[in-house]
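Residue-level structural notes
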Amino acid sequence: MSLDAATIRRIARLARLGVGEAEIERLQTELGHIIGWVEQLGELDLDGVEPIAGVGHAALRLRADEVTDGDRVEAVLSNAPGRAGPFYAVPKVVE
Amino acid sequence: MSDMVELTGQSLAAALDGLEKGRFSSVELTRAHLDAVEALNPTLNAYITVTAEQALTQAAEADAVRARGEAGLLCGAPVAIKDLFCTEGVRTTAASRILSNFVPPYESTVTAQMKRDGAVSLGKTNLDEFAMGSSNMTSAFGAVQNPWRRRGDDSPLVPGGSSGGSASAVAARIALAATGTDTGGSIRQPASFCGIAGIKPTYGRCSRWGTVAFASSLDQAGPLARTVEDCAILLRSMAGFDPKDSTSVDVAVPDFRAAVGRSVKGMRIGIPAEYRAPGMPEEIERWWQQGIAWLRDAGCEIVDVSLPHTRYGLATYYIVAPAECSSNLARYDGVRFGERVEADSLDALYERSRAAGFGDEVKRRILIGTYVLSSGYYDAYYLKAQKVRSLILRDFTEAFGRVDALLTPTAPSAAFGLGEKMSDPVTMYLNDIFTVPASMAGVPGMSVPVGLDSAGLPLGLQLIGRPFDEETLFALGSALEKAAGFDHLPALRAGAVA
Amino acid sequence: MSYVIEGSTGPWELVIGLEVHAQVVSRAKLFSGASATFGGEPNSHVSLVDAAFPGMLPVINAECVAQAVRTGLGLDARINLVSRFDRKNYFYADLPPGYQISQFTHPIVGSGKVDIELADGTRREIGVTRLHLEQDAGKSVHDQDPTRSFIDLNRAGVALMEIVSEPDMRSPEEAGAYVRKLRMIMRYLGTCDGNMEEGSLRADVNVSVRKAGEPFRTRCEIKNVNSIRFVMQAIEVEARRQVEIWESGGVVDQETRLFDPHRGETRSMRSKEDAHDYRYFPDPDLLPLVLEQGWVDSLRSALPELPDAKRARFVAEYGIPDYDSSVLVAEQATAEFYETVARGRDGRLASNWVVGELFAALNRTGKTISTSPVTAEALGGLLDLIKDGTINGRIAKDVFEVMVETGEAADAIVERKGLRQVVDTGAIDSAIESVLAANADKLAEYRSGKEKLFVFFVGQTMKAMKGKGNPALINERLAHLLKAD
Ligand SMILES: [Mg+2]
Ligand SMILES: [Zn+2]
């Protein structure tokens, strides 16, 4: 199985992963192979089987509505590769 | 006692005993390990970051604490931390270029608990990038070498993955023990490849807070150590309820060490027929039979069981884990931390930073995960995988209605050569065929070294237990360990001439 | 009678559905311990969870869950005892994790309704499809630098309720009434402050047009409209745009648009070629949210009286007109003020004073009901003086003006200024007699049949008594004296 180039471009765009034209062909084969391989699940009859998202052994715990965090601008920004005063900075976003 | 080989060659339990009896100080013990790291790490590449200075400070502090009679569980023991656990003020990379400059302003719950108990951190160990891999070949900081060599062959082998740096360091005696994480086998498979013990506890046993996420519904932290007892000591410190992790389970942490050596007489051990991979070396089957015989000799009742959906575990995993990772890794975008490649639009900045920051395997998984969740494919892949996951869980639940634990091989092969199995991703994925099902079900699994293959490489057997019944695994693991008497040493190790 | 747009091909009906984002009133954020308070220095109300640092995990805030349930109960909606959080994946500068935690397939609140009333008194029920909890995004600041946008995450992770209506509305007025009513209910419940300037309430407006009897045509979604007036304007201009397209033989594209209030038009959002595919899936960091019926019941029994119930009760209990009641319940504080005044007094008199004199005074002084210079207790004191005959209604208005200015109590003002009503018939009789004596000509006209002059004599007498005469007594004595003469 091979995924078509348009599909590779579409998912790479969704994932914001820059993919060069040269890589596309390789990814078509590699990803196609993996997808083809996982399609073995198609052999199973899954009618009426309840899907599970995890094996969580409990229900969600709720925390109290208290302010316990914040006022740590320096920690928040300490690793920022682009910063302007108390803000993160990114290339101008046109809306 | 000050000889480096003696200091580094002992178990964690023996080292803690020696510290308590004042036979050596933590500073001496730590320095011996740091010397060994210095000698071996250039070859093994097991550590990404060595925190020698901090380790010696912590060691001196531990000595003072012990002198005051306030020693915690791990007081003064030099250990290694997988570089997936965020450590305050110490660079945490997840072995990825995109985090190569990341210094967390916080400490993961697991490592904070170890610090609380007095552990000395030697540094941060190498891994597959973002814990995605089974060979440690995908690290942006270079491959890790397994300290073992095939008999009469000096070519380097992989340590397994993703906790390959931790496994290699522990096997080579350049850490007494180490933390790992296991998403689909990342503690158990490298433990098997490196001839040491390792346990992935029940999902929810160790907090995930502050550990770089790969696949949130599967990730679990656990120890790698040279003995089952050492794993028990370390796990007790790592485990525990954490209100900061909504999936952490509020159950008491037992004294796992007390279960080590406990009688296994009368325990029912299931042998699942499906844990035989096509093309699996005959030696693995032989060691498996040997393990069965040992447990029977120890008084266990051996029961044949079936986990019919085992063969679908891996395919299910390679839908679920990439799906979760594609979302978990979206935060690495060059904006708030990590590497950025400048561009004149935000989207271009994202695309370039992520293209430059992630390696091939991580990209593959992000793309697969994006694909299986995308519109029109969700039902065919992700939803289907969720259903199969529920069947896999049911297999285990049913089996544990009849038996106390399962015994299987840990991996379908011994360690392979550096660079092998790299041509096709699926071939690499098959490494985890025996470890993935327990991950999908969230149940605990332990690997114990039992013997060598004909090339002289270690092989491990896997014990799988009921949720939150790690104690049974410690009891059984120590029984196997005792019967196997595994005392082989890797070619590369502290004090040995390489 | 129903709202239509007259096109060249005939009348067009509007079909409108709203997705309202309402900020939950809580101290801390939905999944982190950072403050949810509006404002603050940039990036100061931010935890490392909100900034999506590696290994950070969400833990849900119990109060946000309770607020969503209260709101659901206030909308007469089904509360789902099991709900779940999903991730909505997309990249944006003010969305640090690259996903929004929301509820896609299993929302906490199911279908409910909102009753609205239009200016002409028509009442309609608007269906609510669902209400779910989700996180707000941060804020991008675009105007501080020529080449860069700045990111402030103070709002990132604040809890929102997204309330989705059925496509039940048919006019801009209905949409406006719906948002107003929703806001009123949430303010009563204390679950959302409804402050649209601070962005606590925003609406995504879905609009389509059709000929009568047709099935739905393609709709457009106008994003993030932040005032009720703009909601109504946006609907109107968007509907006209669509009518023009259909009538000129074109086809309306399903798309997301922005309303530009300066130009009074909607325009397509740029990023539309980037077809959204949110890849929703259950958030593996969170387990299902399971509520106990008993807990829901305890929230239900602690709910305050809601506006519709209060309005009906005021009419029944205080005998005031329905319209006045609707004015009084529009704001919870006004209703409380009114009820403090009315309790144990004449409800109609109280209503007239609150809606009349008090509102006028608040308007004039630029105050609100909660900063009113005259408290409800003080106004009640004034009404008591009217009721027991200490002062008459005329004097009461003067006293009230002094109360507004000085904040003094009514009885103190009456005492100080000697405004006590005169009920001594001797004093009234002598005032009447001097008025009649001074107006002999008028008296003669009266006697010859011009009975209307009775009112003139009353007025003159009151004037002579400096307004302090008891009007009923003056009437009575005047009639008596005119007859006697
Ligand atoms: Mg919306
Ligand atoms: Zn929303």
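The name an unreviewed UniProt entry assigns to chain C is Aspartyl/glutamyl-tRNA(Asn/Gln) amidotransferase subunit B, from the organism Endosaccharibacter trunci. Taken directly from UniProt, the Subunit (unreviewed entry) text for chain C runs: "Heterotrimer of A, B and C subunits." Reading the Sequence similarities (unreviewed entry) entry of the UniProt record for chain C gives the comment "Belongs to the GatB/GatE family. GatB subfamily."

Chain B goes by Glutamyl-tRNA(Gln) amidotransferase subunit A in an unreviewed UniProt entry, where it is assigned to Endosaccharibacter trunci. Taken directly from UniProt, the Subunit (unreviewed entry) text for chain B runs: "Heterotrimer of A, B and C subunits."

So, about the overall build of chain C. A tally of regular secondary structure across chain C gives 15 helices and 17 strands. The C-alpha atoms of chain C give a radius of gyration of 31 Å, which is well past the 23 Å a tight globule of 485 residues would have. Along the first, second and third principal axes, the C-alpha set of chain C runs to 95 × 55 × 50 Å. Burial statistics for chain C: of 485 residues in total, 54% are counted as buried. In chain C, the proportion of contacts linking residues at least 24 apart, taken out of those at least 6 apart, comes to 68%. Working note: accessible area of chain C is about 21,000 Å², and carbon and sulfur atoms make up 51% of it. The distance from the centre of the 58 positive side-chain charges to the centre of the 71 negative ones in chain C is 2 Å.

On to unusual backbone geometry, then. In this model, Gly-161 of chain B is joined to Ser-162 of chain B through a cis peptide bond whose omega is 10 degrees. Position of Ser-162 of chain B among the secondary structure elements: in the loop between β3 (120-125) and α6 (164-171). The backbone phi angle of Asp-76 of chain C is positive, close to 60 degrees, even though this residue is not glycine. Its place among the elements puts Asp-76 of chain C in the loop between α1 (62-74) and β4 (82-83).

With that out of the way, let us pick up the UniProt feature "domain: Asn/Gln amidotransferase" (unreviewed entry) in chain C. Under the UniProt annotation, the feature "domain: Asn/Gln amidotransferase" (unreviewed entry) is placed at residues 336-482 of chain C. Between the C-alpha atoms that bound residues 336-482 of chain C there is a distance of 48 Å. The span itself is 72% helix and 0% strand.

So, about the interface of chain A and chain C. Facing 39 residues of chain A, the contacting portion of chain C comprises 51 residues. Regarding the contact of chain A and chain C, the summed buried area is about 3,800 Å², with carbon and sulfur atoms giving 60% of it. Of all residues in chain A, the largest losses of buried area upon contact with chain C belong to Leu-60, Arg-63 and Asp-65 of chain A, amounting jointly to 21% of the total for that side. Linking chain A with chain C are one salt bridge. The partner of Arg-10 of chain A in a salt bridge is Asp-277 of chain C, and the shortest N-O contact between them spans 3.8 Å.

Moving on: the pairing of strand β4 (residues 177-182) of chain B. All names here are of chain B. For β4, the buried fraction is high: six of the six residues fall into the buried class. Sheet topology places β4 next to strand β6 (residues 220-225); six bridges connect them, and they run antiparallel. Note that in β6 the partner of Asp-182 across the bridge is Gln-220.

On to the pattern of salt bridges, then. Counting across every chain of the model gives 73 salt bridges over all chains. For Arg-16 of chain A, the salt bridge goes to Asp-347 of chain B, with nearest N and O atoms at 2.9 Å. Taken together, the positions of Arg-16 of chain A in the loop between α1 (5-14) and α2 (21-38) and Asp-347 of chain B in helix α12 (residues 346-357) put the pair across two chains. Note on Asp-347 of chain B: relative accessible area 26%, which makes it partly exposed. Between Arg-240 of chain C and Glu-236 of chain C there is a salt bridge; the shortest N-O distance is 2.9 Å. Of this pair, Arg-240 of chain C and Glu-236 of chain C both sit in helix α3 (residues 228-247), four residues apart, roughly one helical turn. Note on Arg-240 of chain C: relative accessible area 39%, which makes it partly exposed.

Residues and elements named next belong to chain C. Contact geometry for helix α9 (residues 376-387) and helix α10 (residues 393-406): axes closest at 11 Å, N-to-C directions at 160 degrees. Taken together, the axis directions place α9 and α10 in an arrangement best described as roughly antiparallel. In the packing of α9 onto α10, the handedness of the crossing is right-handed. Where α9 abuts α10, its residues Ala-378, Leu-379, Leu-382 and Ile-386 lie against Ala-396, Val-399, Phe-400 and Met-403. Broken down by class, the residue content of the contact of α9 with α10 amounts to eight nonpolar, no polar and no charged.

Residue and element names in this part refer to chain B. The sites that carry the UniProt feature "active site" (unreviewed entry) are, in the present numbering, Lys-82, Ser-162 and Ser-186. Over a stretch of 105 residues, the named residues converge on one spot in the fold, their C-alpha atoms separated by at most 11.2 Å. Structurally, Lys-82 is set in strand β2 (residues 78-82). Residue classification places Lys-82 among the buried residues on the basis of a relative accessible area of 0%. Setting aside its immediate chain neighbours within four residues, Lys-82 contacts Lys-124, Thr-125, Leu-127, Ala-131, Ser-162, Ser-163, Ser-166, Thr-179, Gly-180, Thr-181 and Ser-186.

Looking at chain C, the pLDDT average stands at 94 and 98% of residues meet or exceed 70. For this predicted complex, the interface confidence comes out at an ipTM of 0.97, alongside a pTM of 0.93.

Contacts between the two partners involve 71 residues from chain B and, on the opposite side, 50 residues from chain A. In total, about 5,100 Å² of surface goes out of reach between chain B and chain A, with carbon and sulfur atoms giving 68% of it. At the junction of chain B with chain A, the criterion picks out six salt bridges. Note that Arg-13 of chain A is salt-bridged to Asp-347 of chain B, the shortest N-O span being 3.1 Å. The interface formed by chain B and chain A contains 18 residue pairs in polar contact (both at pLDDT 80 or more).

Right, let's talk about the coordination of the zinc ion (ligand 2) for a bit. Residue and element names in this part refer to chain C. Looking at the zinc ion (ligand 2), the protein donor atoms are His-21 (NE2), Glu-134 (OE) and Glu-162 (OE), and they sit 2.0 to 2.1 Å from it. On the primary sequence, the residues serving as donors to the zinc ion (ligand 2) are separated as H-x112-E-x27-E. The metal-metal distance between the zinc ion (ligand 2) and the magnesium ion (ligand 1) is 4.2 Å. Separated by 113 residues along the polypeptide, His-21 in strand β2 (residues 10-23) and Glu-134 in strand β8 (residues 123-135) bring together distant segments of the chain. Of the two residues, His-21 and Glu-134, both sit in the buried class.

Thresholds, definitions, all that
- Residues numbered from 1 in each chain as written.
- Chains lettered and ligands numbered in written order.
- Predicted model: local features only at pLDDT ≥ 70, side-chain atom pairs only at ≥ 80, totals over all residues.
- Heavy atoms only, no water.
- UniProt positions renumbered as here; feature names shortened; annotations may be inferred.
- Helix = DSSP H or I, 4+ residues; strand = E, 2+ residues; numbered from the N terminus.
- Rg over C-alpha atoms; globule rule 2.2 N^0.38 Å.
- Buried < 20%, exposed > 50% of the residue type's maximum accessible area, 1.4 Å probe, protein only.
- Contact = heavy atoms within 4.5 Å.
- Areas by Shrake-Rupley, 256 points an atom, 1.4 Å probe, with all protein chains shown as cover.
- Lys, Arg positive; Asp, Glu negative; His and termini not counted.
- Charge placed at Lys NZ, Arg CZ, Asp CG, Glu CD.
- Buried area = accessible area lost by both parts, 1.4 Å probe.
- Salt bridge = Lys/Arg side-chain N within 4 Å of Asp/Glu carboxyl O.
- Pairing = 2+ DSSP bridges.
- Axes fitted to C-alpha atoms, helices over the stretch in contact; angles between N-to-C directions.
- Parallel < 35°, antiparallel > 145°, perpendicular 65-115°, else oblique.
- Left-handed = near helix turned anticlockwise from the far one by under 90°.
- Nonpolar A, V, L, I, M, F, W, Y, C, P; charged D, E, K, R; others polar.
- pLDDT = per-residue confidence, 0-100.
- Polar contact = N/O pair within 3.5 Å; in protein donor to acceptor, adjacent residues only side chain to side chain.
- Donors = N, O, S within 2.8 Å, 3.2 Å for Na, K, Ca; no water.

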